[in-house]
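Residues per chain are reported as follows:
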Amino acid sequence: MAQDERRNGGRNDEIGGQDSIESRIWGLIVGENTNEVGLTMSANAAKPRVFKNFIAGKWTADGTKGHFDNISPADTRDVVGQFPSAGSEEVMEAVAAAKEEYARWRLVPAPKRAEIIRRAGDIMSARKEEIAQLMTREMGKIVVETRGDVQEGIDTAYYSAGEGRRLFGDTVPCELPNKFGMSVRMPVGVCGMITPWNFPMAIPTWKIFPALVCGNTVVFKPATDTPATAVMFVEVLLEAGVPEKAINLVCGGGSSVGNALVEHPDVPVISFTGSSDVGKRIASVGGQQLKRISLELGGKNAMIVMDDADLDLALEGAVWGAFGTTGQRCTATSRLIVHEKIADKFTQRVIDRVKKLRVGNGLKDGIEMGPCVSQGQRESVKQYVEIGKNEDKATLALGGNELTSGDHAHGWFFEPTIFTDVKPNMRIAQEEIFGPVLSVIRIKDFDEAINVLNGTIYGLSSSIYTRDVNAAFRAIRDIEAGITYVNGPTIGAEVQLPFGGVKATGNGHREASHTVLDTFTEWKSVYVDYSGKLQRAQIDIE
Ligand code: NAD
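Reference entry: report on the structure contained in this document. (Residues numbered from 1 in each chain as written. Predicted model: local features only at pLDDT ≥ 70, side-chain atom pairs only at ≥ 80, totals over all residues. Heavy atoms only, no water.)

## Let's talk about helix α6 (residues 202-213)
Inference 1: Helix length check: α6 (twelve residues) gives 17 Å between terminal C-alpha atoms against 16 Å at 1.5 Å per residue, within 8%.
Inference 2: Of all twelve residues making up α6, twelve are buried, and the element is well covered by its neighbours.
Inference 3: The complete set of buried residues in α6 reads Ala202, Ile203, Pro204, Thr205, Trp206, Lys207, Ile208, Phe209, Pro210, Ala211, Leu212 and Val213.
Inference 4: Once α6 ends, the next one or two residues include Gly215, with phi positive near 100 degrees. (Helix = DSSP H or I, 4+ residues; strand = E, 2+ residues; numbered from the N terminus. Expected span 1.5 Å × (residues − 1). Buried < 20%, exposed > 50% of the residue type's maximum accessible area, 1.4 Å probe, protein only.)

Okay, structure coming up:
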């Protein structure tokens with residue numbers, strides 16, 4: 001079972017056995033054909049919006065595998081909407097349309113394609129609050145963060161639009177006279193985009209904007225926990241002027257829609273962000289057809305706090321890094337590696353601060369941490385807490401329980417949780433938990449800190465707090481990770497720098513920055529011989 005299926009208890013990914021939508025009492029008051037979203041709950045107007053897939057230029061409501069409900073994790077009485085659950089038939093249709101449009105779109109000059117993407121950024125700016133509110137409802141992170149998620153998409157739009165006038169290749173001298181050499185980027189074709197739920201706008205934009213600017217067309221399969229944000233994104237693209245068949249949205253399960261995309265011979269590129277288990281599967285299935293597969297996978301990120309660090313700064317960084325997005329970021333600070341000289345005092349300060357975190361519905365003012373995304377995800381966090389409690393000598397210093405009463409009664413809330421006395425080889429220090437759980441590990445010096453940080457299969461983000469510039473540069477050199485922060489937490493990437501990780505976090509591709517262009521273009525080397533005679537490279541040398 002794919003991770004999103006597990007986390008939903010199979011709720012969304014494979015359809016069947018669901019409550020009838022009409023049987024729900026609480027719902028969203030919104031017309032079927034409007035974009036207006038609201039949070040008012042009323043027993044009188046309990047009609048959730050019916051959302052549609054966008055395939056071959058048409059919005060289509062029915063999925064061949066039925067439909068699924070998208071339910072707010074902060075309040076399971078709140079049905080965000082009903083979504084079609086597609087299967088391989090819809091994937092075939094979407095790919096055929098995208099392939100047809102590719103023949104036209106690849107010939108539109110890149111600066112013109114980029115103008116459309118810039119307009120998409122403008123539209124997202126105008127709709128930022130609306131998108132952020134909907135995103136918080138459907139996946140739970142606090143609205144301050146969902147605004148940031150949309151902003152990252154806007155930044156990516158403008159950055160990608162700039163690439164429309166760059167897409168740099170090289171011109172180089174040729175070894176033979178009267179001969180010209182250059183390299184150019186060519187689009188690849190239909191790109192299959194498979195995305196997770198934790199950054200439902202930013203991650204799709206990281207993939208789809210640059211792919212379109214490069215002249216590719218797209219079939220987009222979002223996570224089943226966040227299809228509403230995906231629908232809004234496609235609306236934005238269409239309004240901006242992306243040709244109808246260049247963008248196709250196919251909602252549905254990973255093992256049906258996702259797998260059909262990976263297996264389809266007319267999809268030469270798969271850009272996937274999600275768990276390492278699913279990523280490995282995609283690599284092996286797509287690898288059979290020698291596809292280009294970009295994988296952005298899990299992490300077990302660590303922050304080192306040295307004894308010379310600014311501890312006030314490190315405290316804020318640790319709390320934000322570990323409990324921002326309820327710890328459900330691929331870059332979340334999951335391990336806090338603290339120098340023994342300051343460990344007791346600093347850890348106590350972290351515990352005292354985290355105790356005060358206000359947990360609740362992310363749409364409400366003052367809330368600092370939302371729920372887990374689903375029942376399955378909360379269950380997985382709970383299981384890791386049990387594992388931690390049973391591991392030799394780890395101490396559960398804070399939290400460890402589900403929150404199930406009062407304001408938390410109807411959501412998938414979990415207490416911010418801290419384990420101390422954690423040893424580097426324990427499971428809670430090795431495996432991605434993807435929830436609000438922080439493991440504190442003591443070290444005696446810099447070398448041990450780096451060894452512990454590097455001692456997992458992952459290598460996404462990392463951080464060191466120190467005032468020693470030499471230690472900072474040694475850390476930059478020796479840490480095995482795609483991202484290293486000095487005096488900042490493990491989260492907070494900016495779109496103009498490459499994003500991705502080493503080891504089991506990926507397969508060497510990078511999103512964001514200009515580096516993402518390598519996923520969505522093929523290099524072509526061009527030789528123009530204007531000598532009027534046969535000139536043989538490496539042979540006709542004067
Ligand atoms: P997931 O792997 O369960 O699902 C990701 C996507 O893959 C979903 O759209 C899902 O439906 C689809 N999928 C599932 N099975 C599939 C299959 N057999 N074939 C094709 N597609 C399939 O991950 P998730 O729970 O949505 O997200 C959390 C994970 O994503 C964490 O491990 C996190 O670290 C990772 N993540 C990584 C990054 C990064 O950039 N490195 C960013 C965000 C999240």
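## Regarding the packing of helix α10 (residues 311-323) against helix α11 (residues 340-355)
Inference 1: Direction vectors running N to C along α10 and α11 enclose 55 degrees, while the axes themselves pass 10 Å from each other. Regarding the angle of α10 to α11, the classification is oblique. Remark: the crossing between α10 and α11 carries right-handed chirality. Residue-level contacts link Leu311, Asp312, Ala314, Leu315, Glu316, Val319 and Phe323 of α10 to Ile342, Phe346, Arg349, Val350, Arg353 and Val354 of α11.
Inference 2: A class-by-class count of the residues in the contact of α10 with α11 yields nine nonpolar, no polar and four charged. (Axes fitted to C-alpha atoms, helices over the stretch in contact; angles between N-to-C directions. Parallel < 35°, antiparallel > 145°, perpendicular 65-115°, else oblique. Left-handed = near helix turned anticlockwise from the far one by under 90°. Contact = heavy atoms within 4.5 Å. Nonpolar A, V, L, I, M, F, W, Y, C, P; charged D, E, K, R; others polar.)

## What about the packing of helix α4 (residues 128-139) against helix α5 (residues 143-163)?
Inference 1: With their axes 8 Å apart at the nearest point, α4 and α5 run at an angle of 125 degrees to one another. The orientation of α4 with respect to α5, classified from their angle, is oblique. Two packed elements cross with a definite hand, and for α4 against α5 that hand is right-handed. Between α4, through Lys128, Glu129, Ile131, Ala132, Gln133, Met135 and Thr136, and α5, the contact on the second element is made entirely by Val143, Thr146, Arg147, Asp149, Val150, Gln151 and Ile154.
Inference 2: Classifying every residue of the contact of α4 with α5 by side-chain character gives six nonpolar, four polar and four charged.

## A closer look at the pattern of salt bridges
Inference 1: Applying the stated rule across the entire model yields 34 salt bridges.
Inference 2: Asp307 is paired through a salt bridge with Lys341; the nearest N and O atoms lie 3.5 Å apart. Placement of the pair is Asp307 in the loop between β12 (301-305) and α10 and Lys341 in helix α11, with a sequence separation of 34 residues.
Inference 3: Relative accessible area serves as the criterion here: at 31%, Asp307 is assigned to the partly exposed category. (Salt bridge = Lys/Arg side-chain N within 4 Å of Asp/Glu carboxyl O.)

## Some thoughts on α11
Inference 1: Taking 1.5 Å per residue, 16 residues should reach 22 Å; α11 reaches 23 Å between its end C-alpha atoms and fits that length.
Inference 2: Taken as a whole, α11 carries its principal kink of about 30 degrees at Phe346.
Inference 3: Those residues of α11 lying buried are Ile342, Ala343, Phe346, Thr347, Val350, Ile351 and Val354. (Bend = angle between axes of the 7 residues up to and from the residue.)

## Regarding the nonpolar core
Inference 1: If you look at the biggest cluster of nonpolar residues, it comprises 56 residues, and the most contacted ones within it are Ile208, Leu212, Phe220 and Leu237.
Inference 2: Sort the elements by how many residues they give to this core and helix α7 (residues 227-240) lands first, with nine residues.
Inference 3: Setting aside its immediate chain neighbours within four residues, Leu212 contacts Trp105, Arg113, Ile117, Thr217, Val218, Leu237, Val242 and Ala246.
Inference 4: Counting residues in hydrophobic clusters, the runner-up holds 30 residues, among them Cys372, Val385, Ile443 and Ala475. (Core = buried A, V, L, I, M, F, W, Y, C linked by side-chain atoms within 4.5 Å.)

It is worth stressing that arrangement in space is one thing and function is another; only the former is reported here.
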